[in-house]
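If you want the building blocks of each chain, they are given just below.
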Amino acid sequence: MRRLTLAAPFVPLLALITTSLVSSDEPLRFEVELSAEAASAIAELGLDVPVVGRVFVIMSTDDRREPRFLARPRGVPFWGKDVRDFSGGDHVVLSGADETVIGYPLASIEDIPAGEYYVQAFLNVYTRFARSDGHVVEMHLNSGAGQSPFRAPGNAHSAVRRIDLDPDASGAVRLQLSETIPPVEALESGESLQQGNPRAEGELVKFVKIRSDLVSEFWGRDMHIGANVLLPSGYWEDAERRYPVIYYQGHFPGRRVPFGYGSQGGRARGSGFTEFWDSPDSPKMIVVSFRDANPFYDTSYSVNSANVGPYGDALVQELIPYLEGEFRIIPEPWARVLAGGSTGGWEALAMQIFYPDFLGGAWGWCPDPVDFHYYQIVDIYEDENAYEIGSDWIKVERPALRRTDGSVQMTMRQENTYELAVGPNGRSGGQWAIWEALYSPVGADGYPARIWDPVTGEIDHEVAEYWREHYDLHDILRRNWPTLGPKLSGKLHFAVGDMDSYYLNNGVHRLEEFLGDVEDPLADASFEYGPRKPHCWIGYSPSGSGADMTNVEFIGVVDEYLRRSKN
């Protein structure tokens, strides 16, 4: 079968560097051209040309890595500008005089200090979606590498230039988008970039990808979902035996196997897992990770959403039944349990709460906010501003990230400004963008309604009430306990560090206050807190040693739980 191949995505950096820049009396500006060859390669991958997307200029003082790999919330300066009808041979100008250019952490190109830099241009390619709700939006279509635009197949970048810059007198710096990032696996005829196409299967490792009718109808084009499947040792020796499943939730797994099976060595939590799993004495179950990256993020969060689409129903009604037909899985609620940390922790808990009759238990470690009184450290119902607190005279920036000693590493304003520069209208591929897309109603323009103004941080309390009604897990449990309680008693398990890096322990504490006191029925939920433990802590060893729990030990915990549930 025909395979589509593109130029290799990486050339040793020093081979890409040129060193000259003619001085000028004109202010600095960047002129970025899309080469005909790059435009053709983008089209060969099934993406739209002429391009609608976002062009970036990224700079660094580090000659060891391409600047695009250093663009992150605590990274290097970059500036972005939306483009439309961008074809091979076309160019776009980014300058300090252009108010549509958004920068981070330097707001304007004019703010660049004079000096020597390594500079690179980048293009994030959008796809047009005519959704079933009548809105037309332009988003980055996931292309098999999660949702980081700076690594995504189908996007393009320039060579890296080493130049001396003076923002007041450097004139035009010309960069050509000449390289298109190839797929992780070369595409075979008829294949889609979506969710990747992992091929390195083994005796116990299988990869699945299917078209989702539900998600395709929502987005107005073919959309896929997939799974990475780890089978138990001995699976092929007994053709009659069927197995329970752990749906191991989290970010886009790519080609990674659940719990790191097959990786060499293994440290800390994953130490010894492969040898344990291969042993004939290990508990026998199947582990599945979902590949459900979407136009907003590297995971759907496993629930239905007005902006992201019906991914919860797609997983429950399409992918899981497919897996149960493809592999020897016990198709009963008690045999379907969930686990995950951080994003995966919220996903596991939310799926269990939203599909209580279909699933049999969930372990949510360091989960994303389970109570929006603590949306990280913001109370979206009572606070007026997400970025700062204080009086008329004294304003204090809200933290977004801390160390276990309390040292603040980043603020709410900084992280949200970073995402705004990467992509307005929720197109950053970042954490705040997916939360807003997931929880919000659809805005008048077809993009997610803003929970707060991205520049000022002013909170929209009408949007907050929509969040409360539909996705505040604590509020949903509190309002619906008479019907949910009998279905969830004994099925919810939490673990979080008391110095979680993103302040996620606060929401868990608040939820425990409710579940610990509720009656008729008792919640029988378990909560574990790790003093001075950061994100993402999953609990102490069941041996009582005081060490942190390992993946091997967790499998034993699940096995014991399943034995009780079955009986």
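Each value, and the rule that gives it
- Residues numbered from 1 in each chain as written.
- Predicted model: local features only at pLDDT ≥ 70, side-chain atom pairs only at ≥ 80, totals over all residues.
- Heavy atoms only, no water.
- 1 Å grid on protein atoms, 1.4 Å probe; cavity = no way out; pocket = protein on both sides within 12 Å on 5 of 7 lines; lining within 4 Å.
- Points joined across faces, edges and corners; volume = space filled by probe spheres on them.
- Helix = DSSP H or I, 4+ residues; strand = E, 2+ residues; numbered from the N terminus.
- Nonpolar A, V, L, I, M, F, W, Y, C, P; charged D, E, K, R; others polar.
- Pairing = 2+ DSSP bridges.
- Axes fitted to C-alpha atoms, helices over the stretch in contact; angles between N-to-C directions.
- Phe/Tyr/Trp six-rings, centres within 6.5 Å; stacked < 30°, edge-to-face > 60°.
- Buried < 20%, exposed > 50% of the residue type's maximum accessible area, 1.4 Å probe, protein only.
- Lys NZ or Arg CZ within 6 Å of the ring centre and 35° of its normal.

Engineer: Sorry, what's going on with the layout of surface pockets here?
Structural biologist: To find the voids left in a structure, one rolls a probe of water-molecule size over its atoms. Here the largest pocket is characterised by a volume of approximately 920 Å³. Forming the walls of the largest pocket are 41 residues, and the residues nearest its centre are Pro73, Ser148, Tyr418, Gly429 and Gly430. For the lining of the largest pocket, the elements supplying multiple residues, two or more each, are α6 (412-422) and α7 (431-439). The biggest single contributor to the lining of the largest pocket is α6, with 4 residues. In this structure, the second largest pocket encloses a volume near 540 Å³. Of all the elements in the fold, those that place two or more residues in the lining of the second largest pocket are β16 (245-249) and β20 (336-341). A class-by-class count of the residues in the lining of the second largest pocket yields 8 nonpolar, 11 polar and 2 charged.

Engineer: What's the story with empty space enclosed by the protein in this structure? I'm lost.
Structural biologist: Taken as a whole, this structure holds 3 cavities of 30 Å³ or more when the rule is applied. What the largest cavity holds in volume is close to 170 Å³. Taken together, 17 residues line the largest cavity, and the ones lying closest to its centre are Asn416, Glu419, Trp432, Glu436 and Arg450. Of all the elements in the fold, those that place two or more residues in the lining of the largest cavity are α6 and α7. Its residues assigned to classes, the lining of the largest cavity shows 9 nonpolar, 5 polar and 3 charged. For the second largest cavity, the calculated volume is near 60 Å³. What lines the second largest cavity is Asn124, Met139, His140, Gln147, Pro149, Pro295, Phe296, Arg427, Ser428 and Gly429.

Engineer: I keep staring at the sheet that holds strand β26 (residues 492-497) and nothing clicks. Help me out?
Structural biologist: Read from one edge to the other, the open sheet built from 8 strands follows the order β14-β15-β17-β16-β20-β21-β26-β27, with strand pairing classed as mixed. Of all strands in the sheet, those with a lone pairing partner are β14 (205-211) and β27 (526-530), marking the two edges. Taken pair by pair, the neighbouring strands of this sheet meet at an average axis angle of 20°, ignoring direction. As paired strands, strand β21 (residues 362-365) and β26 are joined by 4 bridges and run parallel to one another.

Engineer: Just checking my understanding: could you explain the packing of aromatic side chains for this structure?
Structural biologist: Geometrically, a pair of aromatic rings is defined through the distance of the ring centres and the angle of the planes. According to the stated counting rule, one finds 41 aromatic pairs in the structure shown. Aromatic side chains Tyr387 and Trp452 sit 6.2 Å apart centroid to centroid with 75° between the ring planes, which places their arrangement in the edge-to-face category. Separated by 65 residues along the polypeptide, Tyr387 in the loop between β21 and β22 (388-390) and Trp452 in the loop between α7 and α8 (461-471) bring together distant segments of the chain. Of the residues examined, Trp452 reaches a relative accessible area of 3% and is grouped as buried. Between Tyr439 and Tyr471 the ring centres are 5.5 Å apart and the planes differ by 40°, which places this aromatic pair in the tilted class. Of this pair, Tyr439 sits in helix α7 while Tyr471 sits in helix α8, and the two are 32 residues apart along the sequence. Residue classification places Tyr471 among the buried positions, given a relative accessible area of 6%. One cation-aromatic arrangement involves Arg221 over Phe129; the distance from NZ or CZ to the ring centre is 5.7 Å. One Lys or Arg, Arg468, reaches over the ring of Tyr381 and ends 3.8 Å from the middle of that ring.

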